[in-house]
Amino acid sequence: MEFDRSPGPAADAGPAGPSAQPVATWQTSLRQAVRSLDELLGILCLSREELPGLDATSSFPLLVPREYVQRMEVGNPRDPLLAQVLPRAEENLQVDGFGLDAVGDGPSARLPGILHKYQSRALLIATGLCAVHCRYCFRRHYPYEDSPASLAQWDESLRYLEENPQIDEVILSGGDPLSLGNAKLFGLLGRVASLSHVSRVRIHTRFPVMIPSRIDSDFLERLEAIAFGTEGKPVWIVLHVNHAREIVGPLVEVCQRLRRSGAILLNQAVLLRGVNATFESQRDLCKGLADAGVVPYYLHQLDRVAGTAHFECDEQLGESIVARLRAELSGYATPRFVREIAGEASKTVIL
Ligand SMILES: *Cc1c(COP(=O)(O)O)cnc(C)c1O
Ligand code: SF4
């Protein structure tokens, strides 16, 4: 059930058409993101000879915002940021143990758009669109077309939350929920936060890393209204930073603004071969996050999803890295190293 996410720009992207004022908004960034492998290689002064084994024909197409490309090292075919977005022919290999739904999302689907896997929290697939296409994505084969597309269509699904008072936390995920415009995003978040048994809300997003301008003043005001307004419900935001080189000025500023507006910031990273699978890389990442006011929450062992096997590391490698992190860093700066086993009551802590 592979869904072609090639339409690219957010469905409700922007007021700006071709004839509009050239205002640089996040919608413009999304629309102008790099979608061509040759263009990406050209910007980075890399040739196909330096990068054998590329294949840009995947139904999960290349997508990377220019803000992120700018942070890649020109002339480095092994750049850890580039490795996260580079489509490789290895993605077409059938590898034993790697399937279309490695984490059991299918069986946990309730009404359209709602995954209820863990007792106290439900996850909403707010959209299938993202700011970037991460080649290792565990939902790269997710049937996003089954999720509600409009607020009205969410009505029916939100009834599931009303009928399940054991759910005290609702997570907006996807895709990336920040692909939605503020009105739609906070329309959904506000509805969820107004349920009396929901005491916290959470957002999983990679936008602050990829397109920091997404966190505009309207977003921050609406966030603050949920965190400190009449609902007064804490908003936990889980970022997705994989490498210390992603933590640059614009992201640090966005983290400050988000915290000032009441968000509590966590990070989840994935242990990825060729990206961050060394002690030094993880140490620099965790220190950088802590210095930016972000708690390294999870380090994920790769979910075994078809097309991602070339990123997989030995679990023992992750264990030894995290053991060393624990010996060097503050307790809160050491992530829990976890694996997702379909059917378990929570993520499984390896160390
Ligand atoms: C990971 C996940 C959660 C959140 O789990 P936490 O351990 O609370 O971070 C919730 N629902 C689904 C379906 C998940 O995959
Ligand atoms: S941002 Fe998240 S959901 Fe989107 S492609 Fe990357 S890992 Fe997958």
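Peer 1: I tried to follow the site of ligand 1 on my own but got confused; where do I start?
Peer 2: Looking at ligand 1, the residues that line it are Lys117, Tyr118, Arg121, Leu123, Ile171, Arg202, Tyr297, Tyr298, Glu340 and Lys347. One nitrogen or oxygen atom from the side chain of Tyr297 is found 2.7 Å from an oxygen atom belonging to ligand 1. One of the side-chain nitrogen or oxygen atoms of Tyr298 is found 2.6 Å away from an oxygen atom of ligand 1. With respect to the pocket detection grid, ligand 1 is positioned in the largest cavity. Listing elements by their share of the shell around ligand 1, those giving two or more residues are strand 1 (114-118), strand 2 (121-125) and strand 7 (295-300). Across the shell around ligand 1, the residue classes tally to five nonpolar, no polar and five charged.

Peer 1: Would you mind showing me how to read the site of ligand 2 here?
Peer 2: Surveying the vicinity of ligand 2 reveals the residues Cys130, Val132, Cys134, Cys137, Gly175, Arg206 and His240. Considering only residue class, the shell around ligand 2 consists of four nonpolar, two polar and one charged.

Peer 1: Could you clarify how one ought to interpret the packing of aromatic side chains in this entry?
Peer 2: In this description, a pair of aromatic rings is defined by centroid distance and the angle of the planes. In this structure the tally under the stated criterion is five aromatic pairs. Between Trp26 and Phe207, the ring centres sit 5.9 Å apart and the planes meet at 85 degrees, which makes this aromatic pair edge-to-face. Here the residue Trp26 occupies a position in helix 1 (residues 26-31), and Phe207 occupies one in helix 7 (residues 207-210), the gap between them amounting to 181 residues. When sorted by exposure, Trp26 lands in the same class as Phe207, which is buried. Sitting above the plane of the Trp26 ring, Arg214 keeps its charged end 4.2 Å from the centroid. Just above the ring of Phe279 sits the side chain of Arg324; from NZ or CZ to the centre is 3.8 Å.

Calculation notes
Residues numbered from 1 in each chain as written. Chains lettered and ligands numbered in written order. Predicted model: local features only at pLDDT ≥ 70, side-chain atom pairs only at ≥ 80, totals over all residues. Heavy atoms only, no water. Near = heavy atom within 4 Å. Polar contact = N/O pair within 3.5 Å; in protein donor to acceptor, adjacent residues only side chain to side chain. 1 Å grid on protein atoms, 1.4 Å probe; cavity = no way out; pocket = protein on both sides within 12 Å on 5 of 7 lines; lining within 4 Å. Sits in = over half its atoms within 2 Å of the grid points. Helix = DSSP H or I, 4+ residues; strand = E, 2+ residues; numbered from the N terminus. Nonpolar A, V, L, I, M, F, W, Y, C, P; charged D, E, K, R; others polar. Phe/Tyr/Trp six-rings, centres within 6.5 Å; stacked < 30°, edge-to-face > 60°. Buried < 20%, exposed > 50% of the residue type's maximum accessible area, 1.4 Å probe, protein only. Lys NZ or Arg CZ within 6 Å of the ring centre and 35° of its normal.

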